[in-house]
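# Commentary on secondary and tertiary structure
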Amino acid sequence: MTVRKRAAVPGPARPAPPEPNPTPKPEDQPIAGAKWGVIVGCWLAIAVPYIYAILYHYKIEWELKKSILINAVVSLLGFVLTLALIPVASKYVLRRNLFGYDINKKGTPQGSVKVPESLGIVVGIVFLVSAILFQFANIPADSNWLVEYNAALASICFMILLGFVDDVLDIPWRVKLLLPSVAALPLLMAYAGHTTIIIPKPLVQYFGENIDLGWIYKLYMGLLAVFCTNAINIHAGINGLEVGQTVVIACAILAHNIMQIGGSKDPEYQQAHAFSIYLVQPLIATSLALFSFNWNPSSVFVGDTFTYFAGMTMAVVGILGHFSETLLIFFTPQVLNFLASLPQLAGIIYCPRHRLPRFDPQSGLLTGTKDGTLVNIFLRLFGRRSERSLCILLLVFQGICCCFCFYLRYILTGWYK
Ligand code: UD1
Ligand code: MG
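Fair warning: this is a prediction, and the values are worked out from it, not measured in the lab. (Residues numbered from 1 in each chain as written. Chains lettered and ligands numbered in written order. Predicted model: local features only at pLDDT ≥ 70, side-chain atom pairs only at ≥ 80, totals over all residues.)

The number of helices and strands found in the protein chain is 15 helices and six strands. Relative to the globule expectation of 22 Å for 417 residues, the C-alpha radius of gyration of the protein chain, 24 Å, shows essentially globular dimensions. The proportion of buried residues among the 417 residues of the protein chain is 40%. Summarising the internal contacts of the protein chain: among those between residues at least 6 apart in sequence, 76% fall at separations of at least 24. (Helix = DSSP H or I, 4+ residues; strand = E, 2+ residues; numbered from the N terminus. Rg over C-alpha atoms; globule rule 2.2 N^0.38 Å. Buried ≥ 20, exposed ≤ 12 C-beta atoms within 10 Å, placed from the backbone. Contact = placed C-beta atoms within 7 Å.)

Right, dumping it as structure tokens:
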């Protein structure tokens, strides 16, 4: 074997000659781009009613409106950044063997493609950057809200970390269930709001006008965080569902906050809802960027990083804005999915690693299995269908539940509370 000697004269290193016909590794090939139809459609559906409500319909005090709009602009920049970073991050996660196979395409060429996993990490990081930049630019250092806002960010940040750890290490199911209760602790410790609940009018004669629940209320909020994070994670497994449900619920939360601000004159109450908006706008914007890659056929998977992050953010937003009951009604499909899942989660019935429908590669249609999930129940109720049409059906159902919640609030106002 000949050993090539070093050049005797030191000089600038010559670039290595290019390899003849280098074949790019599969992980270095670019992923399919964002789906622009999804982006344009979603933005139109969200931005038109939003601009109308905030600029014309509701008379919101200028200072508050300015803060909300600055936050909207920061969120928009967050959207662009997420859109640009997802293809870059996809290459890096593939190089580290963080990928999954699309189970609902098994038996077709698409079923053997390595789909990059855990792209929720990009959404989570850009979300945090947007929230921190907004705080830096717009929240005064002596604001009463800063402690709660920072605690909320700490809880969300911790949940992103735990979600990513789960994606990398595949934590056992029972441990997963408990993680959010630890992540929610910073927010619960900093929570300065009331722990008193207003008793519904029909029950006032038995319990009085309100009851101070004290630590029980904080326990309830902790359980809410555990529920929201896991509920999003187990209502999943078909392209676009994890992010789609997040976007629909987050839009309903945004609408609820704007309606409450517009209909109130109490500055404290308005501030509570404004702080909820400051977190939910970046959530919608960054999630939409991920949605455009995760829509069927998915070029990336969101991972537990995203489901935990999104669930925790929405729980935090509901807690800070004091509307956890409304939030739970927005979560109706997730509550139904959780109830249907209970026998398997509790171990009474065998729970496989994936509780997904059966895919027929010939027809390209999904059939519901006996596993207790809303996805399977919908397939059994409405018949076999394609993954995309099933996802649309489930997202429409999510939207109907949110609209029903607004209707319920409308008819119960004055009678219930
Ligand atoms: C939860 C569900 C599990 C479901 C899984 C799908 C429970 C108790 N667990 O588990 O039943 O199968 O989510 O996310 O209800 N995948 C697809 N298509 C998609 C999204 C995901 O095929 O659109 C597959 C991919 O192989 C991906 C994997 O699911 O790699 C991700 O699963 P993971 O999020 O780790 O599952 P869990 O959250 O543990
Ligand atoms: Mg998951």
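Glancing now at the site of ligand 1. By nearness alone, 19 residues border ligand 1, and Gly 100, Ile 234, Gly 237, His 354 and Arg 355 come closest of all. For the shell around ligand 1, the residue count by class is seven nonpolar, eight polar and four charged. (Near = placed C-beta within 6 Å. Nonpolar A, V, L, I, M, F, W, Y, C, P; charged D, E, K, R; others polar.)

Between helix H8 (residues 215-234) and helix H11 (residues 303-320), the shortest axis-to-axis distance is 8 Å and the interhelical angle comes to 145°. Relative to H11, the crossing made by H8 is right-handed. Contacts between H8 and H11 involve Met 221, Leu 224, Ala 225, Cys 228, Thr 229, Ala 231, Ile 232 and Asn 233 on the former and, on the latter, Asp 304, Thr 307, Tyr 308, Ala 310, Gly 311, Met 312, Met 314, Ala 315, Gly 318 and Ile 319. Classifying every residue of the contact of H8 with H11 gives twelve nonpolar, five polar and one charged. (Axes fitted to C-alpha atoms, helices over the stretch in contact; angles between N-to-C directions. Left-handed = near helix turned anticlockwise from the far one by under 90°.)

Another aspect to go through is the packing of helix H2 (residues 62-95) against helix H3 (residues 120-138). Helix packing for two helices is described by the angle between their axes and how far apart those axes are. Interhelical geometry of H2 versus H3 gives an angle of 150° and a closest axis separation of 9 Å. Comparing the axis directions of H2 and H3 gives the class roughly antiparallel. Seen from above, H2 lies across H3 with right-handed handedness. The residues of H3 that touch H2, namely those facing Ser 67, Ile 70, Asn 71, Val 74, Ser 75, Gly 78, Leu 81, Thr 82, Leu 85, Ile 86 and Ala 89, are Ile 121, Val 122, Val 123, Val 126, Phe 127, Ser 130, Leu 133, Phe 134, Ala 137 and Asn 138. The residue makeup of the contact of H2 with H3, split by class, is 14 nonpolar, seven polar and no charged. (Parallel < 35°, antiparallel > 145°, perpendicular 65-115°, else oblique.)

For helix H10 (residues 267-294), built from 28 residues, the straight-helix expectation of 40 Å at 1.5 Å per residue is met to within 8% by its first-to-last C-alpha distance of 39 Å. Here H10 lies mainly inside the structure; 23 of its 28 residues are buried. (Expected span 1.5 Å × (residues − 1).)

Counting residues in each nonpolar core, the largest one holds 99 residues, and the members touching the most others are Ala 250, Leu 290, Met 312 and Val 316. When near neighbours in sequence (up to four residues on either side) are disregarded, Val 316 contacts Ala 152, Ser 155, Ile 156, Leu 187 and Leu 279. (Core = buried A, V, L, I, M, F, W, Y, C linked by C-beta atoms within 7 Å.)

What follows concerns the environment of Tyr 56. Tracing the sequence through the fold places Tyr 56 in helix H1 (residues 36-57). Owing to 8 C-beta atoms within 10 Å, Tyr 56 belongs among the exposed residues under this scheme. A C-alpha to C-alpha distance of 19 Å links Tyr 56 and Trp 43, two positions 13 residues apart in sequence.

Outside of glycine, negative phi angles account for most residues, and trans bonds account for most peptide bonds. Note that the residue after Asn 296, namely Pro 297, is joined by a cis bond; omega there is -5°. In this structure, Pro 297 sits in the loop between H10 and H11. Of note in this structure, Asn 97 is not a glycine but carries a positive phi near 60°. As for its position among the elements, Asn 97 is in the loop between H2 and strand E1 (99-100). Phi at Ser 118 is positive, roughly 60°, even though this residue is not glycine.

What follows deals with the confidence of the model for the protein chain. The share of residues in the protein chain with pLDDT of 70 or more is 92%, and the mean pLDDT across the chain is 88. The least confident element of the protein chain is strand E3 (residues 196-198), whose mean pLDDT is 73; the most confident is helix H14 (residues 374-382), at 96. Counted against residues more than four places away or in other chains, residues 1-11, with its pLDDT under 50, gives zero contacts. (pLDDT = per-residue confidence, 0-100.)

Here we come to the environment of His 322. Relative to the elements of secondary structure, His 322 occurs in the loop between H11 and helix H12 (324-330). Residues His 322 and Phe 359, spaced 37 residues apart in sequence, show a C-alpha to C-alpha distance of 42 Å.

The next thing to look at is helix H5 (residues 173-183). Residues of H5 that are buried include every one of Leu 179, Pro 180 and Ala 183, and no others. With its buried residues spanning 90° around the axis, H5 presents them on a single face. With respect to the buried face of H5, the exposed residues turned more than 90 degrees away are Arg 174 and Leu 178. Against helix H4 (146-169), H8 and H11 lie the buried residues of H5. (Arc of directions from axis to C-beta.)

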